[in-house]
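Residues per chain, in single letters:
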Amino acid sequence: MFDEKAIGSLVDKVAKKKPRRVFLQYPEGLKLSIFDISEKLERLGAEVFISCDPCFGSCDMKDLEAKALGCDLLVHIGHTEMKLPRKTAVPAIYEDYRIDIDPTHLLDEHIQALGPCESICLVTTAQYISAIEPAKRFLEEHGKKVYVGQPSLAKHPGQILGCDHSAAEPFDNMVDCFLFLGTGRFHPLGLAAKVKKTVLVLDFETSVLENMNSERDMMVRIKTMQIEKAKEMKRFGVLVSTKPGQSHPGTAEKVKKRLKGKGKDARILVMDQITPEKILGMKIDALVNCSCPRLSEDFRQFKKPILDPEDVDRL
Ligand code: SF4
């Protein structure tokens, strides 16, 4: 839950802006609290327009919609700010969602298993960013060389996004392993796909230390199968999202050109939220995803191979 402290901090930030009309965006997990939050913002004298579209990250700023509705402030809750390719059309403020966890007791439990890793790069998601410092201290006290990288799109040192592993990738040749602190498979698996070294997960829900190598191998096999299938296919849809942090039209143009060069038919397909229903009825055999990398995980829903832009060279 978004606690009272976070709501208080948000109200203070909004009060300083003295907005007349606020556009409010939040992730699905905060839906239950959103009326309470909007009520507190309305007490500041602002009218609040509550977005009902799903929101998965600060890549998905609805600033153009906010502007069209005459809002003078966009309030984005639940995600940290990330670098976007353009300035937002209305001023935006962010209130991220943090869970403060000191992972030292868990690291203590697993310190033997970390034995072969003398140098470690620590990564996490925005939610657990406060775990980085105590983890670094603990590991250094136990003789490890610890690296925490500065991301290029994400905000905090050590933070990775599904579309930004730059806090980790430069350390691939310097460390023995990467250690992800947090929960879920999407982020550590995405990192495992980008680096050569082992990615370990210290899972805050299960308290287990896991090695992602076998899942990485499985992912590589699935990807190879999808590329093999796509080789036989003729008609490709190149997916572009209009969400500001997911929109890569230049990449889509290059992908289309490369597909054409390989004798494929290719069309650039644009939508805000990319879902299988929106392309139903279109004559498409395979897709290339130029938006959020999370989409490529959903290939079963699309019932077609979904490639990443770099896979096109393997066709
Ligand atoms: S991984 Fe996807 S949802 Fe997350 S920030 Fe990147 S584009 Fe947005």
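Keep in mind the model is a prediction, meaning the values are calculated, not measured.

Trainee: Any chance you could explain the side chain of Ser-291 here in plain terms?
Mentor: Along the polypeptide, Ser-291 turns up in the loop between β12 (286-289) and α9 (299-302). Those residues within four positions of Ser-291 in sequence are excluded, and the remaining contacts are Leu-239, Ser-241, Gln-246 and Ile-274.

Trainee: How should the pattern of salt bridges be read in this particular structure?
Mentor: Opposite charge on two side chains makes pairing possible when the charged atoms of those side chains draw close. For the structure shown, the criterion picks out 22 salt bridges. The partner of Asp-272 in a salt bridge is Lys-243, and the shortest N-O contact between them spans 3.2 Å. Within this pair, whereas Asp-272 is found in the loop between β11 (265-271) and β12, its partner Lys-243 is found in the loop between β10 (235-241) and α8 (249-261), the two being separated by 29 residues in sequence. Its relative accessible area of 26% is what places Asp-272 among the partly exposed residues. Within the structure, one salt-bridge network assembled from shared partners comprises Asp-60, Lys-62, Lys-243 and Asp-272.

Trainee: Looking at this structure, how should I read the sheet that holds strand β3 (residues 73-77)?
Mentor: Two modes of strand pairing occur in sheets, parallel and antiparallel, and in both the strands are linked by backbone hydrogen bonds. With parallel pairing, four strands are arranged side by side in an open sheet as β2-β1-β3-β4. Every other strand in the sheet has two partners, leaving β2 (47-50) and β4 (92-95) as the edge strands with one partner each. Taken pair by pair, the neighbouring strands of this sheet meet at an average axis angle of 25°, ignoring direction. Note that strand β1 (residues 21-25) and β3 share four bridges and pair parallel. Counterpart to Val-22 in the pairing with β3 is Leu-73. Here helix α1 (residues 4-17) sits on the sheet in contact with β3 and β4, set at roughly 165° to β4.

Trainee: What should I look at first to understand the sheet that holds strand β5 (residues 119-124) in this one?
Mentor: Taken together, the five strands give an open sheet; going across it, the order is β6-β5-β7-β8-β9, and neighbouring strands pair in mixed fashion. A strand with exactly one partner marks an edge of an open sheet, and here the two such strands are β6 (145-147) and β9 (209-211). Strand after strand, the sheet turns through a mean of 30° between neighbouring axes, direction not considered. As paired strands, strand β8 (residues 198-203) and β9 are joined by three bridges and run antiparallel to one another. Following the sheet pairing, Leu-202 is matched in β9 by Leu-209. Sitting on the sheet, helix α6 (residues 186-194) touches β5, β7 (177-182) and β8, and the angle it makes with β8 is about 170°.

Trainee: Hey, could you run me through the packing of aromatic side chains in this one?
Mentor: How two aromatic rings sit relative to each other is given by the distance of their centres and the angle of their planes. With the rule as written, the count across this model stands at two aromatic pairs. Ring centres 5.1 Å apart and planes at 85° place the aromatic pair Tyr-128 and Phe-204 in the edge-to-face group. Residue Tyr-128 is located in the loop between β5 and α5 (132-141), and its partner Phe-204 is located in the loop between β8 and β9; the two are separated by 76 residues in the primary sequence. Neither residue differs from the other here; Tyr-128 and Phe-204 are each classed as buried. Ring centres 5.3 Å apart and planes at 40° place the aromatic pair Tyr-147 and Phe-171 in the tilted group. With a gap of 24 residues between them, Tyr-147 in strand β6 and Phe-171 in the loop between β6 and β7 connect regions that are remote in the sequence. Phe-171 carries the same exposure label as Tyr-147, and that label is buried. Residue placement shows Arg-294 over the ring face of Phe-186; its charged tip is 3.9 Å from the ring centre.

Trainee: Would you explain the domain arrangement of the protein chain in this entry?
Mentor: Often, the extent of an interface is quoted as the loss of accessible area on bringing the components together. Splitting the protein chain by domain gives domain 1 (4-95), domain 2 (104-211) and domain 3 (221-314). Spacing between the C-alpha centres of domain 1 and domain 2 amounts to 31 Å. With four residues of domain 1 in contact, the opposing surface of domain 2 contributes eight residues. Of the roughly 480 Å² buried between domain 1 and domain 2, counting both surfaces, carbon and sulfur atoms make up 57%.

Trainee: Sorry if this is basic, but what is going on with the nonpolar core here?
Mentor: Residues Leu-107, Leu-114, Leu-122, Leu-139, Leu-179, Leu-181 and Leu-202 are the most contacted members of the largest nonpolar core, which totals 22 residues. Sorting the residues of this core by element identifies α4 (104-110), β5, α5, β7 and β8 as the ones contributing at least two each. Per-element tally for this core: the top contributor is α5, with four residues. If we skip the residues at most four places from it in the chain, Leu-202 touches Leu-106, Leu-107, His-110, Leu-179, Phe-180, Leu-181, Gly-182, Val-208 and Leu-209.

Trainee: What exactly am I supposed to notice about α6 here?
Mentor: At 3.6 residues per turn, the α-helix brings residues three or four places apart onto the same side. Phe-186, His-187, Pro-188, Leu-189, Leu-191 and Ala-192 are the residues of α6 that are buried. Buried positions along α6 lie against β5, β7, β8 and α7 (213-231).

Cut-offs used in this document
- Residues numbered from 1 in each chain as written.
- Predicted model: local features only at pLDDT ≥ 70, side-chain atom pairs only at ≥ 80, totals over all residues.
- Heavy atoms only, no water.
- Helix = DSSP H or I, 4+ residues; strand = E, 2+ residues; numbered from the N terminus.
- Contact = heavy atoms within 4.5 Å.
- Salt bridge = Lys/Arg side-chain N within 4 Å of Asp/Glu carboxyl O.
- Buried < 20%, exposed > 50% of the residue type's maximum accessible area, 1.4 Å probe, protein only.
- Pairing = 2+ DSSP bridges.
- Axes fitted to C-alpha atoms, helices over the stretch in contact; angles between N-to-C directions.
- Phe/Tyr/Trp six-rings, centres within 6.5 Å; stacked < 30°, edge-to-face > 60°.
- Lys NZ or Arg CZ within 6 Å of the ring centre and 35° of its normal.
- Domains from an automatic or database assignment.
- Buried area = accessible area lost by both parts, 1.4 Å probe.
- Core = buried A, V, L, I, M, F, W, Y, C linked by side-chain atoms within 4.5 Å.

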